[in-house]
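A closer look at the structure
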Amino acid sequence: MKRRSLIAGNWKMHTTAGDARDLALAVATICSDIKDRDVLLAPPFTVLADVADSVENTGILVAGQNVCWEEKGAFTGEISPVMIKAAGGAAAIVGHSERRQIFLETDELINRRVSGGLSFGLTIILCVGETLEEREDGEAFTVLEKQVRRGLAGVHAADMAKVVIAYEPVWAIGTGRTASKEQAQEIHAFLRRLIAELYEKDIAAQTRILYGGSVKPTNIDELMAQPDIDGALVGGAALDAEIFGRIIAFK
Ligand code: 13P
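Below, the structure is looked at part by part.

What counts and how
- Residues numbered from 1 in each chain as written.
- Predicted model: local features only at pLDDT ≥ 70, side-chain atom pairs only at ≥ 80, totals over all residues.
- Heavy atoms only, no water.
- Helix = DSSP H or I, 4+ residues; strand = E, 2+ residues; numbered from the N terminus.
- Rg over C-alpha atoms; globule rule 2.2 N^0.38 Å.
- Contact = heavy atoms within 4.5 Å.
- Core = buried A, V, L, I, M, F, W, Y, C linked by side-chain atoms within 4.5 Å.
- Buried < 20%, exposed > 50% of the residue type's maximum accessible area, 1.4 Å probe, protein only.
- Near = heavy atom within 4 Å.
- Polar contact = N/O pair within 3.5 Å; in protein donor to acceptor, adjacent residues only side chain to side chain.
- Areas by Shrake-Rupley, 256 points an atom, 1.4 Å probe, with all protein chains shown as cover.
- Nonpolar A, V, L, I, M, F, W, Y, C, P; charged D, E, K, R; others polar.
- Pairing = 2+ DSSP bridges.
- Axes fitted to C-alpha atoms, helices over the stretch in contact; angles between N-to-C directions.
- Expected span 1.5 Å × (residues − 1).

Some details on the overall build of the chain
Within the chain one finds 11 helices and eight strands. Relative to the compact-globule value of 18 Å for 251 residues, the chain shows a C-alpha radius of gyration of 17 Å, a close match. Here the C-alpha coordinates of the chain stretch approximately 45 × 45 × 35 Å along the principal axes. Residue pairs at least 24 apart in sequence account for 71% of intrachain contacts in the chain once pairs closer than 6 positions are excluded.

Looking at the nonpolar core
Among the nonpolar cores identified, the biggest contains 64 residues, and Val-27, Leu-152 and Leu-191 are the most heavily contacted of them. Contact partners of Leu-152, with chain neighbours within four places excluded, come to Asn-111, Val-114, Leu-126, Met-160, Val-163, Ile-165 and Tyr-199. Counting 13 residues, the second-largest nonpolar core is a separate cluster that includes Ile-93, Val-164, Ala-166 and Leu-233.

What to know about the site of the ligand
In the vicinity of the ligand there are 13 residues, among which Lys-12, His-96, Gly-174, Ser-214 and Gly-236 approach most closely. A distance of 2.6 Å separates an oxygen atom of the ligand from a polar atom in the backbone of Gly-174. In this structure, Gly-236 approaches the ligand through a main-chain N or O atom, which is 2.8 Å from an oxygen atom. For the ligand, whose free accessible area comes to 310 Å², the fraction covered by protein is 95%. Here the shell around the ligand is composed, by residue class, of four nonpolar, seven polar and two charged.

Examining the sheet that holds strand 4 (residues 91–94)
Taken in spatial order, the eight strands close into a barrel running 1-2-3-4-5-6-7-8, and their pairing is parallel. Taking each pair of neighbouring strands and ignoring which way they run, the sheet shows an average axis angle of 25 degrees. Where strand 2 (residues 38–42) and strand 3 (residues 61–64) come together, two bridges link them in parallel fashion. Looking across to strand 3, one finds that Leu-40 is bridged to Leu-61. Sheet strands touched by helix 5 (residues 107–119): strand 4, strand 5 (123–128) and strand 6 (163–167). Its angle to strand 5, the strand with the most contacts, is close to 160 degrees.

Topic: helix 8 (residues 181–198)
An ideal rise of 1.5 Å per residue puts 26 Å on 18 residues; helix 8 measures up with 25 Å between its terminal C-alpha atoms. Buried within helix 8 are the following residues: Ala-184, Gln-185, Ile-187, His-188, Ala-189, Phe-190, Leu-191, Arg-192, Leu-194 and Ile-195.

As for unusual backbone geometry
Positive phi, close to 65 degrees, is recorded for Asn-57, a residue that is not glycine. Summarising the element assignment, Asn-57 is placed in the loop between helix 2 (48–54) and strand 3. Non-glycine residue Leu-104 carries a positive phi angle of around 55 degrees. Assignment of secondary structure puts Leu-104 in the loop between helix 4 (97–101) and helix 5.

Pasting the structure below:
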């Protein structure tokens, strides 16, 4: 069974209302003929509603770049799943390496975000990835397994339909250095086997696993040709509608 592809743009800390709308509208125009794959935009929270408005009825999904586990309360600086949904979002990225490395988010905290987001009906894109040092020390599989096991702790099989995994090797993010298609496929196959172990084969076969890290129009085709790569989580190249459009239109 072939899983439906998903190309997601993580805008990180870029755009204010005007350019966010322009970018979202331009992506929507480019996507107007594309029906056989999913497209998702993850803008900053301050423009999430603007982006959701701009892509209304286009089929493009909108996501937060993080999510809290509670509906509301004394959580200064956090955004709840209910707020994301009210602003027009349907999903959230959780556990991005920038959250893990710069803001010191732990697997335990990330797991609360995953569970909380799912409990309010959001789709969760759980990011995992090893550092260069971990890869060179031969620790990549161990690190990834720990991130997935801990990130998905307590997540029921029934909720796995709303979970997407994104493999983003830290050494490939924003560096121009992409994992080779063989390196990425090897890890994706490993992650799928791990999900089969944690849940069951059918769930693993249905779970989408995205690759992220310097995805460009020049490498998307070979990445998407790999059997276990179901899409991409795109950073820098998602900030230019024409370039992002070429990625979305992969062969
Ligand atoms: P780049 O595509 O800029 O390497 O970023 C990848 C990423 O972190 C997406 O979440």
